[in-house]
Amino acid sequence: MKTLRFAIAALLLSSGSVFAATAPETTAAFFDQLEKGDFKAAAAYFDPPALTEFRNSLEVLNEAPAAAQQQFREAFFGAGATPESVAKMSDQEFFAAFLRTALAQAESLGRVNFDGMEILGEVMEGPDIAHVVTRNTVKAGDFEIEGMEVVSCRKRGDEWKLLVSNEMKGLANQIRAAISSVPK
């Protein structure tokens, strides 16, 4: 279980979003909101179609036994969450709940500290895609993770929005594996 929590903390390093004037500013603002624990604001930095894709990737939960589905709903969306109440959530609310739960899992190892994020630069891929290179040091209890990350952003109008990382997209596969081990 500690390994899973540590992995979730590492996974959070590879996420980001934007309301700022530049992709690096958006990335920094996302991590700031994450540090503050304002998951609704943090989720607002993500590209809306990317959030829809992420939510759809978790539809695998519908293949799980009913008890496992309910455990997941309650873990991520609170006691008493129902299929109907989750379905009514916007993609942004769904992702904010995911971020809140993932960080809570990581914090079971100790307080998670994101203030070691340093933006090293950005690489443009055409006019509307930017890849922000960061060096992150995240501390959770006695654990410390330092790594280089690339946070991808898409320009939407005058704003930069974060894209969901491949690591987060792969989470659906990890959940699928966990669900397959639940007795039916």
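What counts and how
Residues numbered from 1 in each chain as written. Predicted model: local features only at pLDDT ≥ 70, side-chain atom pairs only at ≥ 80, totals over all residues. Heavy atoms only, no water. Helix = DSSP H or I, 4+ residues; strand = E, 2+ residues; numbered from the N terminus. Expected span 1.5 Å × (residues − 1). Buried < 20%, exposed > 50% of the residue type's maximum accessible area, 1.4 Å probe, protein only. Arc of directions from axis to C-beta. Salt bridge = Lys/Arg side-chain N within 4 Å of Asp/Glu carboxyl O. Core = buried A, V, L, I, M, F, W, Y, C linked by side-chain atoms within 4.5 Å. Contact = heavy atoms within 4.5 Å. Polar contact = N/O pair within 3.5 Å; in protein donor to acceptor, adjacent residues only side chain to side chain. pLDDT = per-residue confidence, 0-100. Phe/Tyr/Trp six-rings, centres within 6.5 Å; stacked < 30°, edge-to-face > 60°.

Moving on to helix 5 (residues 66-77). For an α-helix, the turn length of 3.6 residues means that residues three or four places apart are oriented alike. Given a rise of 1.5 Å per residue, 12 residues ought to cover 16 Å, and the 16 Å separating the end C-alpha atoms of helix 5 matches this to within 8%. Along helix 5, the positions that sit buried rather than exposed are Ala68, Gln69, Phe72, Arg73, Phe76 and Phe77. All buried residues of helix 5 lie within an arc of 140° about the axis, which places them on one face of the element. Facing away from the buried side of helix 5 by over 90 degrees, the exposed positions are Ala67 and Gln71. Downstream of helix 5 by a residue or two, Gly78 has a phi angle that is positive, lying close to 100°.

What follows is about the pattern of salt bridges. On inspection of all chains with the given rule, the structure shows six salt bridges. Residues joined by salt bridges that share partners form a network here, namely Asp47, Arg154 and Arg156.

Our next topic: the nonpolar core. Counting 40 residues, the largest nonpolar core has Phe30, Phe54, Phe77 and Phe95 as the members making the most contacts within it. When residues in this core are grouped by element, the largest group, seven residues, is from helix 7 (residues 91-107). Aside from chain neighbours lying at most four places away, what touches Phe77 is Phe72, Val86, Met89, Phe94 and Ala97.

All right, on to helix 2 (residues 23-36) then. Given a rise of 1.5 Å per residue, 14 residues ought to cover 20 Å, and the 20 Å separating the end C-alpha atoms of helix 2 matches this to within 8%. Those residues of helix 2 that fall on the buried side of the exposure criterion are Ala23, Pro24, Thr26, Thr27, Ala29, Phe30, Phe31, Gln33 and Leu34. Measuring from the side-chain oxygen of the N-cap residue of helix 2 to the backbone nitrogen of Glu25 gives 3.1 Å; that N-cap residue is Thr22. Two residues or fewer after helix 2 comes Gly37, characterised by a positive phi angle close to 80°.

This part takes up the side chain of Thr134. Structurally, Thr134 is set in strand 3 (residues 129-140). Within the local environment of Thr134, its side chain forms a polar contact with the side chain of Asn136, the two groups lying 2.8 Å apart. Ignoring any residue separated from it by four or fewer positions in sequence, one finds Thr134 in contact with Thr27, Met117, Glu118, Ile119, Leu120, Gly147, Met148 and Glu149.

Turning our eyes to something else, we now look at the confidence of the model for the chain. When pLDDT is low, close inspection of the predicted coordinates is not appropriate. On average, the chain scores 80 in pLDDT, and the residues at 70 or more come to 79%. Helix 1 (residues 2-12) is the least confidently modelled element of the chain, averaging 42 in pLDDT, while strand 5 (residues 159-162) averages 96, the highest of any element. Within the model, pLDDT remains below 50 along residues 1-20, and this stretch shows 71 contacts once partners closer than five positions in the same chain are excluded.

What the rule picks out here adds up to 11 aromatic pairs. A ring pair is formed by Phe54 and Phe95, whose centres lie 5.2 Å apart and whose planes are at 90°; its orientation type is edge-to-face. Separated by 41 residues along the polypeptide, Phe54 in helix 4 (residues 48-57) and Phe95 in helix 7 bring together distant segments of the chain. Residue Phe54 is classed as buried on the basis of its relative accessible area of 2%.

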